[in-house]
Amino acid sequence: MWYLCVFYHRLLDYRKSEVESLAQLFGAFDPEGLDQQNPKGYCSLEWRLPQHHHPDSPFHFVNLPSEDVARKIANRSILVKGMYELWGEGDSYKELEESIKSYPDERKLPYLESGSTFKINVDTFGKVLSLQDQNQRIQGLSYIPFNGRVNLKNPDHKFWLMETDDYGSNNGLPPIVQRRIFFGREIGGADRKLIPTYQLKSRTYLGPTAMDAEMAFLMANQALALPGKLVYDPFVGTGSILVAAAHFGAMTMGADIDIRVVRDGRGPDCNVWSNFKQYGLPMPIALLRADNNLPPWRPGLKEVFDAIISDPPYGVRAGGRKSGGRKLLKGAVSPYVVPDDKRTDHIPSTAPYSLVECVHDLLDLAARLIVMGGRLVFFYPVLREDDYVENHFPEHQCFKLIASSEQILSSRYSRVLLTMVKISPYTEEIADAARIKHMEFRENHLKWLENGNLHSVVFSPADSNSNASGEGKLSKESKPKYRGKYV
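Fair warning: this is a prediction, and the values are worked out from it, not measured in the lab.

## Let's talk about the overall build of the protein chain
When helices and strands are tallied, the protein chain shows 16 helices and 17 strands. Across the 487 residues of the protein chain, 51% fall into the buried class. For the protein chain, long-range pairs separated by at least 24 residues make up 75% of all intrachain contacts whose partners lie at least 6 apart in sequence. Only carbon and sulfur atoms are counted for the fraction: they give 50% of the accessible area of the protein chain, which is about 23300 Å².

## Focus on the pattern of salt bridges
All told, the structure shown has 21 salt bridges when counted by the stated rule. For K322, the salt bridge goes to E357, with nearest N and O atoms at 3.1 Å. With K322 in strand 13 (residues 320-323) and E357 in helix 12 (residues 355-369), this pair connects stretches of sequence that are 35 residues apart. By relative accessible area, which is 12% here, K322 ends up buried. When salt bridges that share partners are traced, they join E67, R71, E85, R107 and R185 into one network.

## Comments concerning unusual backbone geometry
Despite not being glycine, H52 shows a phi value in the positive range, around 70°. Examined against the element boundaries, H52 turns out to sit in the loop between strand 2 (46-48) and strand 3 (59-63). Judged by relative accessible area, which is 28%, H52 ranks as partly exposed. Despite not being glycine, L224 shows a phi value in the positive range, around 60°. Note on placement: L224 falls in the loop between helix 7 (213-222) and strand 9 (230-233).

## A look at the confidence of the model for the protein chain
Looking at the protein chain, pLDDT values average 83 and 81% of them are 70 or higher. Long-range and interchain partners of residues 384-395, a stretch whose pLDDT sits below 50, account for 51 contacts in this model, where long-range means more than four residues apart. This model gives residues 461-476 a pLDDT under 50, and the stretch forms 14 contacts once residues within four places in sequence are excluded.

## A short note on the nonpolar core
Of all hydrophobic cores here, the largest spans 76 residues; its most connected members are M219, I308 and L376. A domain-level breakdown of this core finds at least three residues from each of domain 1 (2-192) and domain 2 (195-339 + 347-456). In this structure L376 touches I308, L362, L363, A366, I370, F399, L418, T419 and M420, once residues within four positions along its chain are discounted. Formed by 21 residues, the second largest nonpolar core is a distinct cluster that contains V62, A70, V80 and I187.

## Considering helix 1 (residues 15-25)
Given 3.6 residues per turn, any residue in an α-helix points the same way as the ones three and four places further on. The element helix 1 is largely enclosed, with a buried count of 10 among its 11 residues. Looking at helix 1, one finds that the buried residues are R15, S17, E18, V19, E20, S21, L22, A23, Q24 and L25. Directly beyond the C-terminal end of helix 1, a positive phi value near 75° is found at G27.

## Brief notes about the sheet that holds strand 3
The strand order 2-3-1-4-8-7-5-6 describes an open sheet built from eight strands, whose pairing is mixed. Each edge of the open sheet is held by one strand with a lone partner, namely strand 2 and strand 6 (149-150). Looking at chain direction, strand 4 (residues 80-90) and strand 8 (residues 181-188) are connected through seven bridges and run antiparallel. Within the sheet, the bridge partner assigned to Y84 lies in strand 8 and is E186. Taken strand by strand, helix 3 (residues 93-102) contacts strand 4, strand 7 (157-164) and strand 8, and its axis lies near 90° from that of strand 4.

## Section: the side chain of D91
Topologically, D91 is positioned in the loop between strand 4 and helix 3. In this structure the side chain of D91 is engaged in a polar contact, spanning 3.0 Å, whose partner is the side chain of Q178. At a separation of 2.5 Å, a polar atom in the side chain of D91 contacts the side chain of R180. Not counting chain neighbours up to four residues away, the residues in contact with D91 comprise H52, Q178, R179, R180 and I181.

## Let's talk about the pairing of strand 7
With seven of its eight residues buried, strand 7 lies for the most part within the structure. Strand direction decides the pairing type here: strand 5 (residues 117-125) and strand 7, joined by eight bridges, are parallel. Opposite F125, over in strand 7, you have T164 as the bridge partner. Strand direction decides the pairing type here: strand 7 and strand 8, joined by five bridges, are antiparallel. Across the sheet, residue L161 finds its bridge partner in strand 8, namely F183.

The rules behind these values
Residues numbered from 1 in each chain as written. Predicted model: local features only at pLDDT ≥ 70, side-chain atom pairs only at ≥ 80, totals over all residues. Heavy atoms only, no water. Helix = DSSP H or I, 4+ residues; strand = E, 2+ residues; numbered from the N terminus. Buried < 20%, exposed > 50% of the residue type's maximum accessible area, 1.4 Å probe, protein only. Contact = heavy atoms within 4.5 Å. Areas by Shrake-Rupley, 256 points an atom, 1.4 Å probe, with all protein chains shown as cover. Salt bridge = Lys/Arg side-chain N within 4 Å of Asp/Glu carboxyl O. pLDDT = per-residue confidence, 0-100. Core = buried A, V, L, I, M, F, W, Y, C linked by side-chain atoms within 4.5 Å. Domains from an automatic or database assignment. Pairing = 2+ DSSP bridges. Axes fitted to C-alpha atoms, helices over the stretch in contact; angles between N-to-C directions. Polar contact = N/O pair within 3.5 Å; in protein donor to acceptor, adjacent residues only side chain to side chain.

Written as structure tokens, this is what we have:
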């Protein structure tokens, strides 16, 4: 059945992928059609736009198998403002009336009975209506035979009258050529109270690269976090991503190379553990001091994690580190063993960890330890003049890329949230092929991967000579800019 899905006007690239991930989580797809291209029945939903609407519009129609699935998706989502059973739509209120009257009575009458309570809300996009105008529009719906009582606080059924303005392309919002009016029954909507509850400014223990709460919940939804699933973050930091996964009931586990973060924090009451305690969440199974370049897992260990969610250090706000130290890696000093009496307070030396090496190690870890059908969700940086990420990403053959959502952070730099599903076992042949792709990737992108320092490329001035000659690479076409901070 088709439902009207209304999104918040935020993070436009992330909206559909979140809904499709939640649709799989709640069984929207046929589990019998399993194959390597559609692991665990994964496939994309059927979408269509209302008349005269731009693809970036918050209004979309989505085809879902049942109202129960639609409700679960809407209630769990972060970006779905509401999911509605559409009773009618039109370019004018007269057309809307005709559409509502033609909607089947057997679909309407159960929600208009005398023993029920209801409430009608008015919402707009691209315009503002006064309270008087809203009341006039509600009174204009008198042709709908509501027999129940009005209850503004806790109604049995909520109805929404939604109106867009015909502002064209001059309002800082996705252009709509002609006004469109929708009326429908609310099925469910996002619990946006999660965002202020988990906002970073009230977090007990916070680091400079802590993941924003809204984005952390989106990543947890992409990873299908659920009770009974084990989620791992190899770059856990202060635990922001695992906090979101734990909120949805998943078992969590993290690692970080900085022992001061995972063990000490800023004291016994201000550390990673205290972040979970602050929200009454289950504590992580373990927080390891571990190096992603030299993983601690015993040989032969396979497929233990249902999902890996991570924001790898790509060198803009913080650079990656790996074990060894410069002198040790250069061979200036020999490997050494830390004496037993100094191990408690010993902080191992580290060396720079390039982005390309970091991503390769992350994919290798995920391919070995994620269960079949499990997900790898992580951020990946992209320069605006580069081709899109699929053209230069060393994707492992045992993974399928199912979603990539871009967030533009500056005029030259953006990051892409990649969601990958494991679709085949990780063999030695695939591992060898991945290593070859890794080397090719490094050679072809030394421009911005040199020494693993993306920061200098992002913030250095553009090459004026290459721009003047016109022989340089053409810039990627910029996306439309809308009002709002994160769109």
